[in-house]
Amino acid sequence: MIRKMPLGLRLISSAFLIFWLIMAAFPFLWTFWGSFKVELDFFSLADWTNALFGRNTVETHGRPFTGAGYHGAWIAEGFWRPAINTAIVCFFVVCISLTIGTLGGYALSRAKARYSFLLLILALIFRAMPPITLVSGYMLPFFEWNLWGILPTTIVVLVAINQPFTLWMLHSFFQNIPQELDESAKVDGCTQFQAFRHVIIPVMWPGVITTALFSFLLAYNDFAVTSVLLSETNRTMVPEIAAFLGTTYTEGNIMFAVAAVVSATVPLFILVMLFQNRIVSGLTAGAVKG
Amino acid sequence: MKHRSFFWFFLPTGLAMLLFIAMPIVSVIIQSLYAPHESVLITVENCGPFGCTEETTIDQEATRALEEAKPLGRFVGLDIYRDRGHLAFAELREAWQSGQGIRGVIDTLGNLPFYRAITFTLVFTFTVTPSLIVLGLLIALAVNSLHRHLKGLMIFFSLLPMIVTPLIGSLILFWMIDSRGILGTALQSIFENPDLSLKASSELTWLVLIIYGIWHSAPFAFVVFYAGLQTLPSDQLEAARIDGATRWQQVRYVVIPHLMPLVTFVALIQLMDNFRIFEPIVGFNASAHATSLSWIIFNDLAGETRQLSAAATTSVLTIIGVAILLSPVLVRTWREYRGSYR
Amino acid sequence: MKGIHSMIASGVALMLAASAASACTISARVSIVGNEFPAIQTIGAQAKECTGAEVSTNLTKDHQTINVPGMQGNPAEYTSAIIANSSIVALMNEDVIRPLDDLIEKHGQGLKPSQLITIDGKVMAVAFMANAQHLVYRADILKKIGVEAPRTYEEMLAAAKMIRDQGIMENPIGGAYKAGWGLAQEFNNMFLGHGGRHFKAGSAHPNINTPEGIKTLEMMKSLSEYMNPDFLTHDNNETNAEFRAGNVAIMNMWGSRAETLVTADGVSQEVIDGFAIRGPMTVDGGTTPASTLWWDGWTVAKNIPDDEAEATFIALMHAIRPELMEDDGIARQAVWLIDGYKPTSASAGVIEAAEMKTIPYPMIPYMGLLHTALGNELADFLQGKESAEQALSDVEAAYRAAAKEKGFL
C-alpha cells in the first residue's frame, strides 16, 4: 500500500512512532536502571535527580550501582523457588489448555448445530466473570478436599478460566481451515478423530502457537488466582513480588520487589523477541477473524 | 460433525468450564439471594493483656441451632440487590422525593458506592476502548509503512506494555508519576506548577488510570490490526489507486473495511476486560478517587469481614452489566451466524 | 528488613536448637497460618523445632482471607491461626476455634495470666506480643524549633506549623491515611481519644455521627493539611519511606515498626540520629490517648482431633517459651508479653501506651464492618468533597447495610 510516502506524512509518522516507542519502552528502562539503586534513590523522595545519579547509593555502597536488590531477592529470599513454580505452572497450563482447547475449538468450528453457537456465547459470558469471585467460591471446597495451596489445583483452575478465550481464538482459526480437508478424509474412511489427527493437526500450528503465547501470558501474569490459591511455599513470581511489598505491619523489601519485577520481565522479553513473528503470522493465519 | 463425536471432542473443555466457571457462577447467584442468619448476641466479659471489658459476642449455641435448621442462611430474595451497597432503591427514592429533582438524585448517585463505581467503570471502558483501538490502528499503519528491518524492532517494543503483568505495570507507572518521580517532576516543570500531584486529585487520578489502560491494551489492538494488514487484498488497493484515491481515501474505503471484523473482535475483548478493571486501582492506590465493580467485590471479600453475599450480588450485577454491554455485538454475531448456516 | 530479621531469627533458632534442644516432641500434625512479620516468623521457626510429627507453617499477608475457610473444614487444614484482637473476631463469629482451658491446665505452665484472652470465662487465645500506634519524631528538628516532643495533637499541629513556617520541611506530618483500613484506623484512634464510643451501648447500632465524630474528622483534616498532598495513597510503608527520606518530622506510627524504621540502605545519618519515639498523644484536652492497644496471639482450631490440638498447643508453647527472651535479637523483634521479657529502647512507645490506659481495639463481632465502612467513606470528606456530618452519616448508612446483610441488625 505505502509506496512513495510524501515527506510530510513520513515525518509525522516517524515522529509518532518515536513518541510511541518512548511511551512503550521508557518505563521498563527506567525500572531496570532504578533496580540497581537503593530504595531512597529509586523513589527519589528527596530530589528526582537522585534516581539518575544514585546519590544515596554512592553513600551506602561506594558506587552508583548496587546489586543488593537482586542479591536480596534471589539469594536471601530465594526468588528462584517462585521462579521454578512459575515455570511449572506455565508449562502445564499451556499444554493442558491447548490440548483440550484445540479439541473443543475444532469441534465448535465443525458442528453446525445451534448448540455450538450457544456454547460459544456461553463461553464469552463465562469470560466476563471477574476471576476474584470465582476464586472466592473455590476456597471452601478446596480446603475441604485438601486441594488448597498446591500447584496442580492452581494449574487446573487457570486452565479452566483460560478456556473461553482459547476456545474463541482456536474456533475462529479452525474456521479458516477449509472444511473440505477433513470432510474428504472422512469420505476416505477416517473417523472424526483420525481426520483431526492426520489432516488438521499438521496444519494447525500457526494458530496454536499464537494461542499458546496468550495462554502463557495469562498463566505467567496471573495474580488473582495464584495469590489466593497458593500457599506461601508454593507461590509463583507475581504473588511473591506482591509479598515483597510489605504489609501494614512490616517494612517492605521494596528493592527486592523492584529487582524481582525486572527479573520476572526478562523471560517475557526473550519470549516476545523469539516469537514476535509467530504471533503476527498466527494472527494473520486467521486466529482473530472474530 | 456428528453429535456424538462433538460430545467427546468438547467434553474435556466443557467439563473444565462447567466445574470451575459454571458451578461457581450458580453458587454465586444462590449466594446473592441468601444472607447469614441473624446472630444471637450476648454480652460477656472479655479479658486480655490490657484488662477486662464488657463486650458483645455471638452466642454460638443459639446461632448454631439456626444454622443447622437452614444451612444456606436466610433467604432474603432481592434485598441485597436493593440495599445501599448495591442498587440503593430506597436512597434514590428518598432523593427523588426530597424535592431537589434531578440534581438531588445525581448528588445522591455520586455518594452511593455502587453507582460511583459503575460511573468510573463506564467512563473508563468507554474512553479506553475507542482510544486504544484508534491508537492501535495508527501504530499498525505506521509500523507497516516502515522498512523491513525496523519493523521487527518496533513490533518488539510495541508489544512490551501488553506482556507485563497489570499489577506490576501499574506499580511501575505509579512509582514514576509520584510528584517526586521522574514523570511527576517532568509534568510539574511542563505546567510550571510545583504543587501539581497526579495522585492528589480525583480527576487526575482518573486520567492517569485511563492513560494506563490505553498504554496497556493498545499493543493488543496493534498486533491484531498489524496481522490484519498483512492480508490486505493488494488488488483492491491497486484498483483504488488507479481510480486516483488519495492515501486517506485508501485507508478509509479499503483498509478500514478490511479490518472491521478485527475491530469488532478487539472491541469485544477489550470492552469485557476494561469493564472488569481491577489491578490498576490496587496498583495505583486509587481507591480514594476511583473504584470499580471488581474492586468492590475484592473489598467485600478481603480482610476480616468477608461479606460474601454482598460480593456475590456485585458479581451478578457485573455479569449483567457485561451482558448488556456486549448485547449489540452478540445480536450481530447471532444474525451473522444464522445467515451463514441457513 | 524482613529478610535480615528472618535470617537472624533462623540462625538464632538453630543455635538454640543445638544448645537447648529442649523437650518438644509431638505426636500429631501441626499446621499454622498467620501473618508474616518478623516476630511471627520467629514463632513459626520455633514451632518447627518440634520433633515427632510434621509442623508446617503458612505465613502470608493474606492470612485473613484463608484462615476462616482453612479452619471451617472438618478436619480443618490449619490446626492454629495466629491472629490479633481485630481478627480473632472473625474466627469467633464462625466458631472455628476451641477453648483452651483444659490444655492450659495440662501444658500451660509458665503462661502469665495476662496472656490469656478470655471470652465469657473461656480462654480462646494466648497472646504473645503487644502493639500500638504512637509518636515517632525527629528529635533534631524539634530541637531546632525549640519545642519538646508533642504530647497532644494540638501541640503536634503547632510544631508542624513552626517547621513549615521556618522552611525546614514543607509537609512535616506523616500519616498512614491511605483510603481503606489505614484511614479508618486513624479515625478510630482519634475518635477514642475524643471519648467517642463506636456503638450504642449493648447493641450493634453505630454511634459515630456524634460531636466526637465531627471533632475527630476536623482534627484529621487539620493534620492532613501538613501532610504530603498524596496522603490518601500513603500507607504505613510509604509514610515510613517519607520519614526515611527526611521529609517528615512527626507521625503516629506502629510500635512494631520502631525497631527497623531507619535501618534501610541509604538513610542519612541525620535521620538515623534524630529518630525518637514516645507514647501516643492525647487530643482535645482528653486523658485517653488517641490510639488503640493491640495484641497478637495464637488459637487452636476446633474441627481437629484432640491429639492434633494437643500437639499444636505444645508446639506453640515451645515457640513462646521464656528462654527465648534471653536472646537479644528475638527480644527486640516485638513488645513480647512473654515472661522474662525486658523492655528495649524500641518498646518504650508501646509500653507507655499501655501505661497511659490506651483503649484496646474493640473486640466486637461487627467492629470489622464499621472499620470497612469508615475506610470506604471518609476519603470524600478529607478531599473536601462533603461535610463531616454527611461523611459520618454515609459511614453509618454503609455500615447499616452491611450489618443487616450479616444479620447483626
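These figures come from a predicted structure and were not determined experimentally.

Draft legend 1. Quick look at the interface of chain B and chain C. Each side of the interface is counted separately: chain B has 42 residues, and chain C has 51 residues. Those elements that provide at least two residues to the side of chain B that touches chain C are β2 (41-48), β3 (51-58), α2 (60-69) and α15 (308-341) of chain B. At six residues, β2(B) tops the list of elements feeding residues into the side of chain B that touches chain C. Looking at side-chain class alone, the side of chain B that touches chain C contains 14 nonpolar, 19 polar and nine charged residues. As paired strands, β2(B) and strand β4 (residues 116-119) of chain C are joined by two bridges and run antiparallel to one another. Directly across from N46(B), in β4(C), lies its bridge partner I119(C).

Draft legend 2. The domain arrangement of chain A, seen in detail. Residue and element names in this part refer to chain A. Taken domain by domain, chain A consists of domain 1 (23-66) and domain 2 (78-287). One C-alpha centre belongs to domain 1, the other to domain 2; they are set 36 Å apart. Counting residues at the interface gives eight residues for domain 1 and seven residues for domain 2. Counting residues per element, the ones that place at least two in the side of domain 1 that touches domain 2 are α1 (7-34) and α2 (39-43). Per element, the largest residue contribution to the side of domain 1 that touches domain 2 is four residues, and it comes from α1. The residue inventory of the side of domain 1 that touches domain 2, partitioned by class, reads four nonpolar, three polar and one charged.

Draft legend 3. Looking closely at the interface of chain A and chain B. With 71 residues of chain A at the contact, the number on the chain B side is 78 residues. Those elements that provide at least two residues to the side of chain A that touches chain B are α1, α6 (80-110), α7 (114-128), α8 (131-144), α9 (151-175), α12 (205-221), α14 (237-244) and α15 (254-287) of chain A. When residues of the side of chain A that touches chain B are assigned to their parent elements, the largest contribution, 12 residues, is made by α1(A).

Draft legend 4. How the structure looks around the confidence of the model for chain B. Residues and elements named next belong to chain B. Looking at chain B, the pLDDT average stands at 88 and 99% of residues meet or exceed 70. At the level of individual helices and strands, chain B shows its lowest average pLDDT in α2, which scores 82, and its highest in helix α6 (residues 113-144), which scores 95. Both scores are available for the predicted complex, with the pTM at 0.91 and the ipTM at 0.89.

Draft legend 5. Focus on the pairing of strand β3 (residues 80-84) of chain C. Residue and element names in this part refer to chain C. Among the five residues in β3, five count as buried, and that is most of the element. Of the pairings in the sheet, the one linking β3 to strand β9 (residues 292-298) comprises three bridges and is antiparallel in character. Residue I82 lies in a different strand from β9, and its bridge partner there is W298.

Draft legend 6. Up close: α9(A). Residues and elements named next belong to chain A. In this model, α9 (25 residues) spans 34 Å end to end at C-alpha, consistent with the 36 Å of a helix rising 1.5 Å per residue. Approximately 45° is the largest bend angle found in α9, and it occurs at Q163, with the proline P164 only one to four residues beyond. For α9, a buried count of 20 out of 25 residues is recorded, marking the element as mostly surrounded by other parts of the structure.

Draft legend 7. Summary view of the domain arrangement of chain B. Residues and elements named next belong to chain B. Domain assignment breaks chain B into domain 1 (39-75), domain 2 (76-111) and domain 3 (113-341). On a C-alpha basis, the centres of domain 2 and domain 3 stand 31 Å from each other. Opposite the eight residues of domain 2 that make contact, domain 3 presents nine residues. Within the residue set of the side of domain 2 that touches domain 3, elements represented by two or more residues are α3 (79-82) and α5 (101-111). A class-by-class count of the residues in the side of domain 2 that touches domain 3 yields five nonpolar, three polar and no charged.

The rules we used
Residues numbered from 1 in each chain as written. Chains lettered and ligands numbered in written order. Predicted model: local features only at pLDDT ≥ 70, side-chain atom pairs only at ≥ 80, totals over all residues. Contact = placed C-beta atoms within 7 Å. Helix = DSSP H or I, 4+ residues; strand = E, 2+ residues; numbered from the N terminus. Nonpolar A, V, L, I, M, F, W, Y, C, P; charged D, E, K, R; others polar. Pairing = 2+ DSSP bridges. Domains from an automatic or database assignment. pLDDT = per-residue confidence, 0-100. Buried ≥ 20, exposed ≤ 12 C-beta atoms within 10 Å, placed from the backbone. Expected span 1.5 Å × (residues − 1). Bend = angle between axes of the 7 residues up to and from the residue.

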